[in-house]
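# Chains, contacts and geometry: an overview
Chain residues, written in single-letter form:
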Amino acid sequence: MSFPWFKDFYQQIAHSPLSHWLEVLPAQLALWQSAQLHGDFAKWLKLLSLFPQTSVSNIELQDKVEFGFASDIDEHTSKQLVGLFKQFMPWRKGPFFIHGIHIDTEWRSDWKWDRVKPHIHSLKNRHVLDVGCGSGYHMWRMLAEDPKLVVGADPSQLFLMQFQAIKQFNPDPRIHLLPIGVEQLPELQAFDTVFSMGVLYHRKSPIDFLYQLKSQLRKGGELVLETLVVEGDEQTVFMPEDRYAQMRNVWYLPSTKALTLWLERVGFSNIRVVDVAPTTLDEQRKTQWMESQSLADFLDPQDNSRTIEGYPAPLRAVLIAER
Ligand SMILES: Nc1ncnc2c1ncn2[C@@H]1O[C@H](C[S@+](CC[C@H]([NH3+])C(=O)[O-])CC(=O)[O-])[C@@H](O)[C@H]1O
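Calculation notes
Residues numbered from 1 in each chain as written. Predicted model: local features only at pLDDT ≥ 70, side-chain atom pairs only at ≥ 80, totals over all residues. Heavy atoms only, no water. Buried < 20%, exposed > 50% of the residue type's maximum accessible area, 1.4 Å probe, protein only. Helix = DSSP H or I, 4+ residues; strand = E, 2+ residues; numbered from the N terminus. Pairing = 2+ DSSP bridges. Right-handed = clockwise from strand over helix to strand, strands pointing away. Near = heavy atom within 4 Å. Polar contact = N/O pair within 3.5 Å; in protein donor to acceptor, adjacent residues only side chain to side chain. Areas by Shrake-Rupley, 256 points an atom, 1.4 Å probe, with all protein chains shown as cover.

## Things to note about the pairing of strand β11 (residues 217-228)
Most of β11 sits out of view: nine of its twelve residues are buried. Examined bridge by bridge, strand β10 (residues 191-197) and β11 share six bridges and lie parallel to one another. Across the sheet, residue F191 finds its bridge partner in β11, namely L217. The handedness of the β10 to β11 crossover, carried by helix α8 (residues 206-214), is right-handed. Summarising the sheet, β11 and strand β17 (residues 315-322) pair through seven bridges and their orientation is antiparallel. For T227, the partnering residue across the bridge sits in β17 and is A317.

This is the structure we're talking about:
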(Lines give C-alpha, C1' and ligand atoms only; values in the text may rest on other atoms or scores of the structure.)
Protein backbone atom coordinates (compact mmCIF):
# COMPACT_ATOMS: atom_id res chain seq x y z
CA MET A 1 0.00 0.00 0.00
CA SER A 2 1.33 3.43 -0.77
CA PHE A 3 -0.08 6.93 -0.85
CA PRO A 4 1.40 10.25 -1.79
CA TRP A 5 0.77 12.42 1.29
CA PHE A 6 4.14 12.02 2.92
CA LYS A 7 6.17 11.94 -0.30
CA ASP A 8 4.76 15.37 -1.16
CA PHE A 9 5.89 16.59 2.21
CA TYR A 10 9.43 15.23 1.75
CA GLN A 11 9.68 17.14 -1.52
CA GLN A 12 8.41 20.30 0.14
CA ILE A 13 11.10 20.27 2.81
CA ALA A 14 14.03 18.89 0.78
CA HIS A 15 15.46 22.35 0.11
CA SER A 16 14.18 24.12 3.19
CA PRO A 17 15.54 24.77 6.69
CA LEU A 18 13.68 21.58 7.68
CA SER A 19 15.71 19.31 5.37
CA HIS A 20 17.45 17.56 8.34
CA TRP A 21 14.09 16.09 9.22
CA LEU A 22 14.50 13.76 6.23
CA GLU A 23 17.19 11.90 8.17
CA VAL A 24 14.56 10.37 10.50
CA LEU A 25 11.04 11.09 9.24
CA PRO A 26 10.71 8.64 6.31
CA ALA A 27 11.68 5.71 8.56
CA GLN A 28 9.24 6.84 11.28
CA LEU A 29 6.38 7.18 8.84
CA ALA A 30 7.18 3.88 7.12
CA LEU A 31 6.95 2.22 10.54
CA TRP A 32 3.69 4.04 11.24
CA GLN A 33 2.30 2.92 7.91
CA SER A 34 3.21 -0.72 8.46
CA ALA A 35 1.44 -0.64 11.85
CA GLN A 36 -1.76 0.60 10.17
CA LEU A 37 -2.09 -2.49 7.99
CA HIS A 38 -3.85 -4.35 10.78
CA GLY A 39 -6.31 -1.65 11.81
CA ASP A 40 -9.01 0.47 10.20
CA PHE A 41 -6.60 2.20 7.90
CA ALA A 42 -7.69 0.42 4.71
CA LYS A 43 -11.31 1.33 5.54
CA TRP A 44 -10.35 5.01 5.89
CA LEU A 45 -8.41 5.03 2.63
CA LYS A 46 -11.37 3.45 0.87
CA LEU A 47 -13.72 6.07 2.30
CA LEU A 48 -11.39 8.86 1.20
CA SER A 49 -11.36 7.45 -2.33
CA LEU A 50 -15.17 7.54 -2.45
CA PHE A 51 -15.41 11.34 -2.18
CA PRO A 52 -16.69 12.78 -5.45
CA GLN A 53 -14.46 15.27 -7.23
CA THR A 54 -16.19 18.63 -7.19
CA SER A 55 -15.35 22.01 -8.61
CA VAL A 56 -14.57 24.30 -5.70
CA SER A 57 -15.44 27.87 -6.61
CA ASN A 58 -14.25 29.60 -3.45
CA ILE A 59 -11.60 29.15 -0.79
CA GLU A 60 -12.13 31.12 2.41
CA LEU A 61 -9.64 30.86 5.26
CA GLN A 62 -9.55 34.37 6.68
CA ASP A 63 -12.76 34.38 8.74
CA LYS A 64 -13.74 30.71 8.57
CA VAL A 65 -12.69 27.50 6.82
CA GLU A 66 -14.96 27.26 3.80
CA PHE A 67 -14.22 25.37 0.59
CA GLY A 68 -16.83 25.56 -2.17
CA PHE A 69 -20.38 26.91 -2.24
CA ALA A 70 -23.56 24.84 -2.06
CA SER A 71 -24.35 26.03 -5.60
CA ASP A 72 -21.22 24.25 -6.94
CA ILE A 73 -22.86 20.83 -6.52
CA ASP A 74 -26.26 19.20 -7.01
CA GLU A 75 -28.46 17.82 -4.24
CA HIS A 76 -27.42 14.24 -4.80
CA THR A 77 -23.71 15.10 -4.45
CA SER A 78 -24.46 17.13 -1.33
CA LYS A 79 -26.21 14.14 0.29
CA GLN A 80 -23.34 11.90 -0.76
CA LEU A 81 -20.83 14.27 0.87
CA VAL A 82 -22.82 14.50 4.11
CA GLY A 83 -22.94 10.69 4.25
CA LEU A 84 -19.20 10.41 3.70
CA PHE A 85 -18.23 13.13 6.17
CA LYS A 86 -20.49 11.50 8.79
CA GLN A 87 -18.40 8.34 8.51
CA PHE A 88 -15.53 10.36 10.00
CA MET A 89 -17.42 11.20 13.21
CA PRO A 90 -16.86 12.26 15.94
CA TRP A 91 -15.89 15.70 14.59
CA ARG A 92 -14.37 17.57 17.52
CA LYS A 93 -12.30 20.46 16.15
CA GLY A 94 -13.73 22.85 13.55
CA PRO A 95 -16.16 24.08 12.18
CA PHE A 96 -15.75 23.42 8.47
CA PHE A 97 -18.00 24.59 5.65
CA ILE A 98 -17.72 22.41 2.54
CA HIS A 99 -20.03 23.16 -0.38
CA GLY A 100 -22.65 24.51 2.02
CA ILE A 101 -22.34 21.56 4.43
CA HIS A 102 -21.70 22.89 7.91
CA ILE A 103 -19.61 20.38 9.88
CA ASP A 104 -20.65 21.69 13.27
CA THR A 105 -17.91 20.32 15.49
CA GLU A 106 -17.92 19.84 19.27
CA TRP A 107 -15.52 22.77 19.65
CA ARG A 108 -15.80 26.27 18.25
CA SER A 109 -12.07 26.16 17.51
CA ASP A 110 -12.52 29.45 15.67
CA TRP A 111 -13.09 31.15 19.02
CA LYS A 112 -9.69 29.95 20.24
CA TRP A 113 -8.11 31.30 17.05
CA ASP A 114 -9.82 34.67 17.63
CA ARG A 115 -8.18 34.82 21.09
CA VAL A 116 -4.74 33.84 19.73
CA LYS A 117 -4.41 35.57 16.39
CA PRO A 118 -4.31 39.26 17.41
CA HIS A 119 -1.22 38.60 19.56
CA ILE A 120 1.10 36.58 17.31
CA HIS A 121 3.88 37.60 14.94
CA SER A 122 2.74 37.63 11.30
CA LEU A 123 3.05 34.14 9.78
CA LYS A 124 3.87 35.45 6.32
CA ASN A 125 6.75 33.48 4.74
CA ARG A 126 7.34 31.56 7.95
CA HIS A 127 7.80 27.84 8.63
CA VAL A 128 5.12 26.97 11.16
CA LEU A 129 4.68 23.87 13.35
CA ASP A 130 1.47 22.99 15.24
CA VAL A 131 2.14 20.33 17.88
CA GLY A 132 -1.07 18.42 18.71
CA CYS A 133 -2.93 20.03 15.82
CA GLY A 134 -6.06 17.83 16.06
CA SER A 135 -8.01 17.83 12.80
CA GLY A 136 -5.86 20.68 11.53
CA TYR A 137 -8.50 23.39 11.94
CA HIS A 138 -6.08 26.02 13.22
CA MET A 139 -3.53 25.11 10.52
CA TRP A 140 -6.04 26.14 7.87
CA ARG A 141 -6.51 29.46 9.65
CA MET A 142 -2.70 29.84 9.78
CA LEU A 143 -2.55 29.21 6.03
CA ALA A 144 -4.64 32.34 5.51
CA GLU A 145 -1.59 34.30 6.75
CA ASP A 146 0.51 33.13 3.78
CA PRO A 147 3.23 31.11 5.52
CA LYS A 148 5.89 29.15 3.60
CA LEU A 149 4.74 25.90 5.20
CA VAL A 150 2.40 24.75 7.98
CA VAL A 151 3.00 21.31 9.43
CA GLY A 152 1.03 19.63 12.17
CA ALA A 153 2.19 16.74 14.36
CA ASP A 154 -0.59 14.68 15.93
CA PRO A 155 -0.59 10.91 16.53
CA SER A 156 -4.39 10.51 16.28
CA GLN A 157 -5.38 8.46 13.23
CA LEU A 158 -8.92 9.85 13.12
CA PHE A 159 -7.65 13.44 13.07
CA LEU A 160 -5.30 12.61 10.18
CA MET A 161 -8.20 11.13 8.23
CA GLN A 162 -10.45 14.12 8.93
CA PHE A 163 -7.65 16.41 7.79
CA GLN A 164 -7.19 14.47 4.55
CA ALA A 165 -10.96 14.43 3.94
CA ILE A 166 -11.04 18.22 4.19
CA LYS A 167 -7.80 18.70 2.24
CA GLN A 168 -9.33 17.00 -0.80
CA PHE A 169 -11.30 20.20 -1.31
CA ASN A 170 -8.20 22.40 -1.11
CA PRO A 171 -5.05 20.39 -1.86
CA ASP A 172 -2.71 23.27 -1.01
CA PRO A 173 0.90 21.96 -0.99
CA ARG A 174 1.89 24.20 1.94
CA ILE A 175 -0.15 22.36 4.60
CA HIS A 176 0.57 18.88 6.00
CA LEU A 177 -0.38 16.74 8.98
CA LEU A 178 2.06 14.05 10.14
CA PRO A 179 0.87 11.20 12.42
CA ILE A 180 3.70 11.53 14.92
CA GLY A 181 3.94 12.58 18.55
CA VAL A 182 6.05 15.43 19.87
CA GLU A 183 8.48 12.89 21.32
CA GLN A 184 9.34 11.73 17.79
CA LEU A 185 10.43 15.16 16.58
CA PRO A 186 14.19 15.61 16.17
CA GLU A 187 15.63 18.90 17.48
CA LEU A 188 15.11 20.80 14.26
CA GLN A 189 15.70 24.34 15.58
CA ALA A 190 14.25 25.56 12.31
CA PHE A 191 10.64 26.71 12.75
CA ASP A 192 9.84 30.41 12.88
CA THR A 193 6.66 29.81 14.90
CA VAL A 194 5.66 26.80 17.00
CA PHE A 195 2.09 26.47 18.26
CA SER A 196 1.01 24.04 20.91
CA MET A 197 -2.58 24.46 21.97
CA GLY A 198 -4.44 22.11 24.30
CA VAL A 199 -1.54 19.68 24.77
CA LEU A 200 0.58 20.70 27.79
CA TYR A 201 -1.91 19.36 30.35
CA HIS A 202 -1.77 15.96 28.64
CA ARG A 203 2.00 15.72 29.15
CA LYS A 204 3.38 13.84 32.15
CA SER A 205 6.56 15.90 32.00
CA PRO A 206 5.53 19.43 31.09
CA ILE A 207 9.02 20.90 31.51
CA ASP A 208 10.47 18.32 29.10
CA PHE A 209 7.61 19.20 26.77
CA LEU A 210 8.57 22.90 26.86
CA TYR A 211 12.18 21.93 26.05
CA GLN A 212 10.91 19.83 23.14
CA LEU A 213 8.94 22.78 21.78
CA LYS A 214 11.93 25.10 22.25
CA SER A 215 14.18 22.73 20.33
CA GLN A 216 11.92 23.06 17.27
CA LEU A 217 12.36 26.84 17.13
CA ARG A 218 15.15 28.78 15.49
CA LYS A 219 16.75 31.43 17.66
CA GLY A 220 14.34 34.37 17.84
CA GLY A 221 11.37 32.18 16.83
CA GLU A 222 8.00 32.44 18.55
CA LEU A 223 6.21 29.92 20.77
CA VAL A 224 2.43 30.17 21.04
CA LEU A 225 1.27 28.07 23.96
CA GLU A 226 -2.34 27.49 24.98
CA THR A 227 -3.29 25.35 27.93
CA LEU A 228 -5.58 24.87 30.92
CA VAL A 229 -4.58 26.96 33.92
CA VAL A 230 -5.78 27.63 37.47
CA GLU A 231 -5.86 30.83 39.52
CA GLY A 232 -2.84 31.37 41.76
CA ASP A 233 0.72 32.61 42.22
CA GLU A 234 4.16 31.46 40.91
CA GLN A 235 4.03 28.39 43.14
CA THR A 236 0.50 27.24 42.26
CA VAL A 237 0.22 24.06 40.21
CA PHE A 238 -2.84 21.85 40.37
CA MET A 239 -2.87 18.11 39.69
CA PRO A 240 -6.22 16.24 39.65
CA GLU A 241 -6.41 13.00 41.60
CA ASP A 242 -7.73 11.14 38.60
CA ARG A 243 -9.96 12.58 35.89
CA TYR A 244 -10.40 16.29 35.25
CA ALA A 245 -13.73 17.30 33.63
CA GLN A 246 -14.00 13.58 32.82
CA MET A 247 -10.77 13.73 30.80
CA ARG A 248 -8.25 11.03 31.52
CA ASN A 249 -4.64 11.84 31.10
CA VAL A 250 -4.65 15.33 32.61
CA TRP A 251 -1.52 16.03 34.65
CA TYR A 252 -0.45 19.57 35.47
CA LEU A 253 -2.55 22.75 35.46
CA PRO A 254 -0.23 25.62 36.46
CA SER A 255 -1.26 29.19 37.19
CA THR A 256 -0.24 31.64 34.45
CA LYS A 257 2.46 32.93 36.83
CA ALA A 258 3.85 29.43 37.43
CA LEU A 259 3.78 28.73 33.69
CA THR A 260 5.63 31.98 33.05
CA LEU A 261 8.28 30.86 35.55
CA TRP A 262 8.54 27.46 33.83
CA LEU A 263 9.06 29.16 30.46
CA GLU A 264 11.74 31.43 31.99
CA ARG A 265 13.55 28.45 33.53
CA VAL A 266 13.51 26.65 30.17
CA GLY A 267 15.16 29.69 28.63
CA PHE A 268 12.40 31.52 26.80
CA SER A 269 12.34 35.31 26.85
CA ASN A 270 9.79 38.06 26.26
CA ILE A 271 7.04 35.92 27.85
CA ARG A 272 3.54 37.40 27.75
CA VAL A 273 0.18 36.12 28.99
CA VAL A 274 -2.07 37.50 26.26
CA ASP A 275 -5.41 35.90 27.07
CA VAL A 276 -7.18 34.08 29.89
CA ALA A 277 -10.73 32.83 29.29
CA PRO A 278 -13.09 30.25 30.81
CA THR A 279 -14.42 27.62 28.40
CA THR A 280 -18.13 28.25 27.95
CA LEU A 281 -20.93 25.79 27.23
CA ASP A 282 -21.28 27.45 23.82
CA GLU A 283 -17.65 26.83 22.93
CA GLN A 284 -17.61 23.08 23.69
CA ARG A 285 -20.88 21.23 23.19
CA LYS A 286 -22.63 18.21 21.74
CA THR A 287 -23.69 18.59 18.09
CA GLN A 288 -25.05 16.45 15.27
CA TRP A 289 -21.43 15.79 14.32
CA MET A 290 -20.27 14.82 17.85
CA GLU A 291 -23.11 13.06 19.61
CA SER A 292 -21.47 11.89 22.84
CA GLN A 293 -21.11 13.81 26.09
CA SER A 294 -19.53 17.23 26.15
CA LEU A 295 -18.72 20.03 28.59
CA ALA A 296 -22.30 20.36 29.96
CA ASP A 297 -21.99 16.78 31.21
CA PHE A 298 -18.54 17.38 32.68
CA LEU A 299 -19.50 20.33 34.92
CA ASP A 300 -21.31 20.20 38.26
CA PRO A 301 -25.01 20.66 37.31
CA GLN A 302 -25.58 22.77 40.48
CA ASP A 303 -22.49 24.94 40.03
CA ASN A 304 -20.92 25.49 36.61
CA SER A 305 -17.82 27.02 38.16
CA ARG A 306 -16.82 23.46 39.21
CA THR A 307 -16.15 20.30 37.24
CA ILE A 308 -18.14 17.19 38.04
CA GLU A 309 -15.16 16.09 40.19
CA GLY A 310 -15.39 19.33 42.21
CA TYR A 311 -12.33 21.04 40.66
CA PRO A 312 -12.23 24.57 39.21
CA ALA A 313 -14.00 24.61 35.80
CA PRO A 314 -11.81 24.84 32.66
CA LEU A 315 -9.92 28.11 32.34
CA ARG A 316 -7.56 28.46 29.38
CA ALA A 317 -4.62 30.80 28.84
CA VAL A 318 -2.56 31.82 25.82
CA LEU A 319 1.11 32.62 26.40
CA ILE A 320 3.61 33.87 23.85
CA ALA A 321 7.36 33.60 24.24
CA GLU A 322 10.52 33.92 22.22
CA ARG A 323 13.40 31.52 21.88
N1 LIG B 1 2.45 12.89 22.10
C2 LIG B 1 1.70 13.75 21.45
N3 LIG B 1 2.26 14.61 20.56
C4 LIG B 1 1.52 15.49 19.88
N5 LIG B 1 0.17 15.59 20.02
C6 LIG B 1 -0.42 14.76 20.88
C7 LIG B 1 0.29 13.82 21.63
N8 LIG B 1 -0.58 13.13 22.40
C9 LIG B 1 -1.80 13.63 22.14
N10 LIG B 1 -1.71 14.60 21.20
C11 LIG B 1 -2.79 15.37 20.57
O12 LIG B 1 -3.03 16.56 21.30
C13 LIG B 1 -4.32 17.03 20.93
C14 LIG B 1 -5.01 17.66 22.13
S15 LIG B 1 -6.53 18.47 21.70
C16 LIG B 1 -6.01 20.05 21.06
C17 LIG B 1 -6.25 20.21 19.59
C18 LIG B 1 -5.95 21.57 19.03
N19 LIG B 1 -4.52 21.92 19.13
C20 LIG B 1 -6.78 22.64 19.68
O21 LIG B 1 -6.21 23.48 20.36
O22 LIG B 1 -7.99 22.62 19.48
C23 LIG B 1 -7.15 18.97 23.24
C24 LIG B 1 -7.78 17.91 24.04
O25 LIG B 1 -8.17 16.88 23.48
O26 LIG B 1 -7.87 18.07 25.30
C27 LIG B 1 -5.08 15.84 20.36
O28 LIG B 1 -5.33 16.08 19.00
C29 LIG B 1 -4.14 14.67 20.58
O30 LIG B 1 -4.23 13.69 19.56
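## Quick word on the site of the ligand
The full set close to the ligand counts 20 residues, and K112, G132, D154, M197 and Y201 are the nearest of them. With respect to the ligand, the side chain of K112 contributes an N or O atom lying 2.6 Å from an oxygen atom. In the model, a nitrogen atom of the ligand is placed 3.0 Å from a nitrogen or oxygen of the E183 side chain. For the ligand, whose free accessible area comes to 650 Å², the fraction covered by protein is 84%.

Any link to function would need more than the numbers given here.
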